[in-house]
Amino acid sequence: MFDLDKWSEIWGTVRRHKLRTGLTAFGVFWGIFMLVVLLGAGKGFRNGVEKEFDVAKNAVFVWTQRTSVPYAGLKVGRFIQFTNDDVATLLREVPEAAVVLPRSSLDGTFTVQYGTKSSSFSVNGEYPGYPAVKALHLTGGRFINDIDIAERRKVAVIGDRVAEVLFGTSSPLGKEIRIKGIYFRVVGLWKAEGKPENVQEDAQTIIIPLTALQVTFNQVNRVGYFAFIPKTGVPAALVETKVKQILARQHKVAPTDDRAFGSANVEEEYARVQGLFLGISGFSWLVSIGTILAGIIGVSNIMLIVVKERTKEIGIRKALGATPWSIISLIVQESIVITAAAGLLGLLFGTALMAGINALIAGQNVGFFANPQVDVGVALTAVTLLVVAGAVAGLVPAAIAARVQPVVALKDE
């Protein structure tokens, strides 16, 4: 590998046959380039889709609907109302859930006032476990805590748009706002993350303790719906099924009634999306490897021609005492150089293209596409593939060259 004479011979061969070498190497270049671009684009689509998941990827949501089966003397079409008793029961009987989050909200929007300023915003009642379910970035103060829940404190965590409208550039922390005429002290300022449309909606949302919402706005003992986060290693489907069974028992719903409760299993949806991108990745590898193999076959064919053209030279080398291994190493090394150089150029151009696209869309909302990139592992795999492919492409021509008989070679013209 470090024999300067061999490198000089390889360079001389490439210079004598520039067009032939270039066209042959282009197949390998294009295969690696396509691999990098396709995998980079696939990663960009995956990042874009995952960014759309603005809730925990293993979250489960359960809400009420109307019964569709009569049960225990109760008629069809009965609406189920969740209560605080359900909260206590689920906390006690669903140990598989790391987070049990009862949630509720005031219907519509309400006028919120601070001094002479007022505007309409959404008001949600939450528990301290909310940030585990949905990404939330506190930009000031604190979030709701267990003491707020236990003491039904009238405290509020406001979105950044609420702060901008009511307080302008001054800090809202420690100040009091009025929601439907009731004073709440601002203890935190938050900024949502996720889909742009959801971020805009959340920016105009005020979060207060659920227990305070219940007693202050005439929703005593009422819970809107539940969110759950399973413990590590526990399937979300198990928690979903168990919660529905417990709630059906609590509210006398027929075990066969599958319409009384609605649910959403984010884990299953996320798994389907991951399966889709796994298929895209596999297709990208298949197409790219097919192209690379075509390029490698081209390199192998060219090396066969090189061996044919240099038959006399190889015969002279063997007559002067060259070993079969020295002949094989010369041919294989030349093959590796051609494939590795072409592949590395493909890797370089593909990575540069992904970097350019990433810089172009940085800070912009382009839907289901974000931060296209090539993993280091993929790049190392591609480089390894190049070296192996170059060696394989040169093996057959090298074996033929090693079998050349000096006497036959010297009279071959």
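Remember, it's a predicted structure, so these values are computed and weren't measured experimentally.

Trainee: Describe the packing of helix 3 (residues 84–93) against helix 9 (residues 236–250), with residues and values.
Mentor: Put simply, helix 3 and helix 9 touch, their axes get as near as 11 Å, and they point 135 degrees apart. The pairing of helix 3 with helix 9 is recorded here as oblique in orientation. Of the two elements, helix 3 crosses helix 9, and the hand of that crossing is right-handed. Seen from helix 3, the contacting residues are Asp85, Asp86, Thr89, Leu90 and Glu93; seen from helix 9, they are Lys242, Val243, Ile246, Leu247, Arg249 and Gln250.

Trainee: Which residues make up the UniProt feature "transmembrane region" (unreviewed entry) in the chain, and what are the values?
Mentor: With numbering aligned to this structure, UniProt lists the feature "transmembrane region" (unreviewed entry) at residues 21–41, 283–307, 327–357 and 377–401. Split by type, residues 21–41 is 100% helix and 0% strand. Its first and last C-alpha atoms lie 30 Å apart.

Trainee: Explain the nonpolar core to me, and be specific about the residues and the numbers.
Mentor: In this structure, Phe61, Leu101, Tyr130, Phe143, Val157, Trp190 and Ile207 are the most contacted members of the largest nonpolar core, which totals 28 residues. Of all elements in the fold, only strand 2 (97–105), helix 4 (130–133), strand 6 (155–159), strand 8 (182–192), strand 10 (225–230) and helix 10 (266–309) reach the threshold of two or more residues within this core. In terms of residues, this core owes the most to one element, helix 10, which gives four residues. Counting contributing residues, this core receives three or more from each of domain 1 (4–53 + 271–410) and domain 2 (66–259).

Trainee: Describe helix 3, with residues and values.
Mentor: Buried within helix 3 we find Asp86, Val87, Thr89 and Leu90. Close packing links the buried residues of helix 3 with strand 2, strand 10 and helix 9.

Trainee: Which residues make up a nonpolar patch on the surface, and what values do they have?
Mentor: A cluster of nonpolar side chains, contributed by Leu345, Leu348 and Phe349, occupies part of the molecular surface with about 310 Å² of accessible area. Taking the relative accessible area as the measure of exposure, Leu348 reaches 55% and is therefore exposed.

Trainee: I'd like a description of the pairing of strand 9 (residues 205–209), backed by residues and values.
Mentor: Judged by how many residues are buried, strand 9 sits mostly within the fold: five of five residues are covered. Pairing between strand 4 (residues 117–126) and strand 9: five bridges, direction parallel. By the bridge assignment, Ser122 is partnered in strand 9 with Thr205. Strand direction decides the pairing type here: strand 6 and strand 9, joined by two bridges, are antiparallel.

Trainee: I'd like to hear about the pattern of salt bridges, residue by residue, with values.
Mentor: According to the stated counting rule, one finds 10 salt bridges in the structure shown. Between Asp148 and Arg142 there is a salt bridge, with its nearest N and O atoms 2.7 Å apart. Under the relative-accessibility criterion, Asp148 is labelled buried at 0%. By relative accessible area, Arg142 is classed as partly exposed at 27%. The residue Arg153 makes a salt bridge to Glu151 at a minimum N-O spacing of 3.1 Å. Here the residues in one salt-bridge network are Arg142, Asp148, Glu151 and Arg153, joined through shared partners.

Trainee: Before we move on, could you go through the environment of Val374 and cite the residues and values that matter?
Mentor: Note that Val374 resides in the loop between helix 12 (324–361) and helix 13 (376–402). For the pair Val374 and Lys43, spaced 331 residues apart in the sequence, the C-alpha separation amounts to 7.5 Å.

Trainee: Go over the packing of aromatic side chains with me, naming the residues and quoting the values.
Mentor: One pass over the full model with this rule turns up 12 aromatic pairs. With a centroid separation of 6.0 Å and an interplanar angle of 20 degrees, the aromatic rings of Phe26 and Trp30 are classed as stacked. Highlighted residues: Phe26 and Trp30, both in helix 2 (residues 18–52), separated by four residues, approximately one helical turn. Looking at Phe26, the relative accessible area reads 46%, which means it is partly exposed. Between Tyr130 and Phe143, the aromatic rings sit 5.9 Å apart at their centres with planes inclined by 20 degrees, giving stacked as the arrangement. Of the two residues, Tyr130 is situated in helix 4 and Phe143 in the loop between strand 5 (136–141) and helix 5 (146–151); the sequence distance between them amounts to 13 residues. Ring-pair connections join several aromatic residues into one group, and the members of that group are Phe26, Phe29, Trp30, Phe33 and Phe349.

Trainee: An account of the side chain of Glu240 is requested, with residue identities and associated values reported.
Mentor: Mapped onto the elements, Glu240 comes out in helix 9. Side-chain polar atoms of Glu240 contact the side chain of Ser263, separated by 2.5 Å. When sequence neighbours within four positions are dropped, the list of residues in contact with Glu240 reads Val60, Ser263 and Asn265.

Trainee: Residues and numbers for the environment of Leu238, please.
Mentor: You can see Leu238 is positioned in helix 9. Leu238 sits in the partly exposed class, given a relative accessible area of 40%. When the C-alpha atoms of Leu238 and Ala97 are compared, they prove to be 9.7 Å apart, with 141 residues separating the residues in sequence.

Reading the values: the criteria
Numbering of residues starts from 1 in each chain and follows the order in which that chain's sequence is written. Only residues with pLDDT of 70 or above have their local features reported here, since the model is predicted, and side-chain atom pairs are shown and tallied only from 80 upward, although totals for entire chains, interfaces and linings are computed over all residues. Hydrogens are left out, water is left out, and the side-chain values use all remaining heavy atoms of the structure. The convention used is that axes are lines fitted to C-alpha atoms, helices contributing only their stretch in contact, and that angles between N-to-C directions extend from 0 to 180 degrees. Helix and strand definitions follow DSSP, with helices as H or I runs of at least four residues and strands as E runs of at least two, each counted in order from the N terminus. Under this scheme an angle from 65 to 115 degrees is roughly perpendicular, one under 35 degrees roughly parallel, and one over 145 degrees roughly antiparallel; angles in between are oblique. We call a crossing left-handed when the near helix sits turned anticlockwise from the far one by less than a right angle, and right-handed when that turn is clockwise. By definition, residues are in contact when any of their heavy atoms lie within 4.5 Å. UniProt positions are given in the numbering used here, feature names are shortened, and annotations may be inferred rather than shown by experiment. Only buried Ala, Val, Leu, Ile, Met, Phe, Trp, Tyr and Cys residues count toward a nonpolar core, and they belong to the same one when joined by side-chain atoms within 4.5 Å. Only protein chains enter the area calculation, which uses a 1.4 Å probe; residues under 20% of their type maximum are buried, those over 50% are exposed, and those in between are partly exposed. Residue ranges assigned to each domain were obtained from an automatic or database domain assignment. A patch consists of residues whose relative accessible area exceeds 30% and which take part in no salt bridge; residues with like charges are grouped when within 9 Å of each other, and nonpolar side chains (Val, Leu, Ile, Met, Phe, Trp, Tyr) when within 5 Å. To be clear on the numbers: accessible area is Shrake-Rupley with a 1.4 Å probe, and residue cover counts the displayed protein chains and nothing else. Any carboxyl oxygen of Asp or Glu within 4 Å of a side-chain nitrogen of Lys or Arg constitutes a salt bridge here. One requirement defines pairing of two strands: DSSP has to find at least two bridges between them. In summary, the pairing rule links any two rings of Phe, Tyr or Trp, Trp by its six-membered ring, whose centres are within 6.5 Å, and it sorts them by plane angle into stacked for under 30 degrees, edge-to-face for over 60 and tilted for everything else. Pairs of N or O atoms within 3.5 Å make up the polar contacts considered here, provided that, within protein, one atom can donate a hydrogen while the other can accept it, and that residues adjacent in sequence are counted only when both atoms are side-chain atoms.

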